[in-house]
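# Observations on the three-dimensional arrangement
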Amino acid sequence: MYLFSMAQNSLSDTFFKSAIHSDVQCPMHLHYSMEVVCVKSGELIMNVNGADRLIRSGQATFISVFEPHSFFTPKSSVCIVTEFSPHLVSEFYSAVKAKKLVTEVFEINGDFLRLLENLSDKSVSNILSVKAALYPLCFNLLNNCEFTNDGKEIDSIFIEAVKYIYDHYSDENIDLNDVAKAIGVHPVYLSRVFSSNSGMGFSKYLALIRTNKSAQMLLNEKRINISEIAFSCGFGSIRSFNRQFANIFGISPTEYRQKTQN
């Protein structure tokens, strides 16, 4: 079983990550990057914006920026997860950013699969190579997916607020008022912006970021103890850290570290 968390630097204009995973599980999260998930074998259940999508072998789905989603493998699965900043494919993003996806799951052909497999070998250090592979993929998405005009564009205030949170999540005292003051809007307005753009309140979103950051550290910083990780991610106590982590990942931080070491 592979448990993964939100990728670092997903707000970067050059963010890109693609990899093949087996039996993937991932808690609810959202990020400022677009995502294509293709199932090579088995089945994968994704919940996107509160609705389940069953993706079978030979099928794929597309997730736009800041759409809340989670993964669950009922029995077994091998899938390719590709995430990329909208800035890398700005023309494609302009075409779909204010639209709603109608074709939630679509069949893929050999060419589409080869594009994804090729992307899984790319390094973000070679941006031209990444872009050269992403544009044919996006062209295929436009041909395979149907979009309608009833979608909504992400509020720039929301993006600005998220960037501020990513920079200050380690401060345990940060709250809605701090973020609103920093970006120059009223707290009540910012609260509405969070609800309408992410489907969750400010506090839950902040907890998601902190918990996912702590999961990255549990995975990558083996020598740092759990207490240090909790406090470095902005949690005021071990108790609140354990509670929030279990709420999102379904297991304790200790169990998560043990599973990811297997």
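First things first, this report covers the structure right here in the doc. Since the model is a prediction, treat every value here as computed from it, not as a measurement.

Right, let's talk about the packing of aromatic side chains for a bit. Each aromatic ring pair is summarised here by two numbers: the centre-to-centre distance and the angle between the ring planes. Taken as a whole and assessed by the stated rule, the structure comprises 14 aromatic pairs. Plain terms: the ring middles of F62 and F92 are 5.8 Å apart, the flat faces sit at 75 degrees to each other, and that makes the pair edge-to-face. Of the two residues, F62 sits in strand β6 (residues 59-63) while F92 sits in helix α1 (residues 90-96), which places them 30 residues apart along the sequence. Classification of F62 by relative accessible area gives buried; the value is 2%. By relative accessible area, F92 is classed as buried at 4%. Judged by centre distance (6.2 Å) and plane angle (80 degrees), the rings of F62 and F147 are edge-to-face. With F62 in strand β6 and F147 in strand β11 (residues 147-148), this residue pair connects regions lying 85 residues apart in the sequence. One exposure class covers both F62 and F147, and it is buried.

In this structure, the largest pocket occupies an estimated 510 Å³ of space. Around the largest pocket, the lining is made up of 27 residues, and of these N49, E67, K99, K100 and K152 lie nearest the centre. Put simply, the parts of the chain that give the lining of the largest pocket at least two residues each are β5 (51-56), β6, α1, β9 (100-101) and α6 (187-198). For the lining of the largest pocket, the element with the highest residue contribution is α6, accounting for three residues.

Interaxial distance between helix α2 (residues 110-119) and helix α3 (residues 127-144) falls to 10 Å at its minimum, and their mutual angle equals 150 degrees. By the criterion of interaxial angle, the relationship of α2 to α3 is roughly antiparallel. In this structure, α2 meets α3 at a crossing whose hand is left-handed. In this structure, α2 uses F112, L115, L116, N118 and L119 to contact α3, whose residues at the interface are V130, A133, L134, P136, L137, N140, L141 and N144. The class makeup of the residues in the contact of α2 with α3 is ten nonpolar, three polar and no charged.

Let's shift gears to the pattern of salt bridges. Applying the stated criterion across every chain, the model contains five salt bridges. Between K40 and E117 there is a salt bridge, with the nearest N and O atoms lying 2.9 Å from each other. Taken together, the positions of K40 in strand β4 (residues 34-48) and E117 in helix α2 put the pair 77 residues apart, joining distant regions of the chain. According to the relative accessible area criterion, K40 is partly exposed, its value standing at 33%. Residue E117 is classed as partly exposed on the basis of its relative accessible area of 26%. The residue R114 makes a salt bridge to D111 at a minimum N-O spacing of 2.5 Å. A residue pair is termed a helical-turn pair when its members lie 3 or 4 positions apart in one helix, as R114 and D111 do in helix α2 at three residues.

Turning our attention to the nonpolar core. Within the largest apolar cluster, 69 residues are counted, with the highest numbers of intra-cluster contacts made by F66, F84, F112, L134, L190 and Y205. Element by element, the count of residues in this core is highest for helix α7 (residues 202-220), at eight residues. Contact partners of L134, with chain neighbours within four places excluded, come to F16, F84, L88, V89 and L119. With twelve residues, the next largest nonpolar core counts C26, V39, I55 and I63 among its residues.

About the cut-offs
- Residues numbered from 1 in each chain as written.
- Predicted model: local features only at pLDDT ≥ 70, side-chain atom pairs only at ≥ 80, totals over all residues.
- Heavy atoms only, no water.
- Phe/Tyr/Trp six-rings, centres within 6.5 Å; stacked < 30°, edge-to-face > 60°.
- Helix = DSSP H or I, 4+ residues; strand = E, 2+ residues; numbered from the N terminus.
- Buried < 20%, exposed > 50% of the residue type's maximum accessible area, 1.4 Å probe, protein only.
- 1 Å grid on protein atoms, 1.4 Å probe; cavity = no way out; pocket = protein on both sides within 12 Å on 5 of 7 lines; lining within 4 Å.
- Points joined across faces, edges and corners; volume = space filled by probe spheres on them.
- Axes fitted to C-alpha atoms, helices over the stretch in contact; angles between N-to-C directions.
- Parallel < 35°, antiparallel > 145°, perpendicular 65-115°, else oblique.
- Left-handed = near helix turned anticlockwise from the far one by under 90°.
- Contact = heavy atoms within 4.5 Å.
- Nonpolar A, V, L, I, M, F, W, Y, C, P; charged D, E, K, R; others polar.
- Salt bridge = Lys/Arg side-chain N within 4 Å of Asp/Glu carboxyl O.
- Core = buried A, V, L, I, M, F, W, Y, C linked by side-chain atoms within 4.5 Å.

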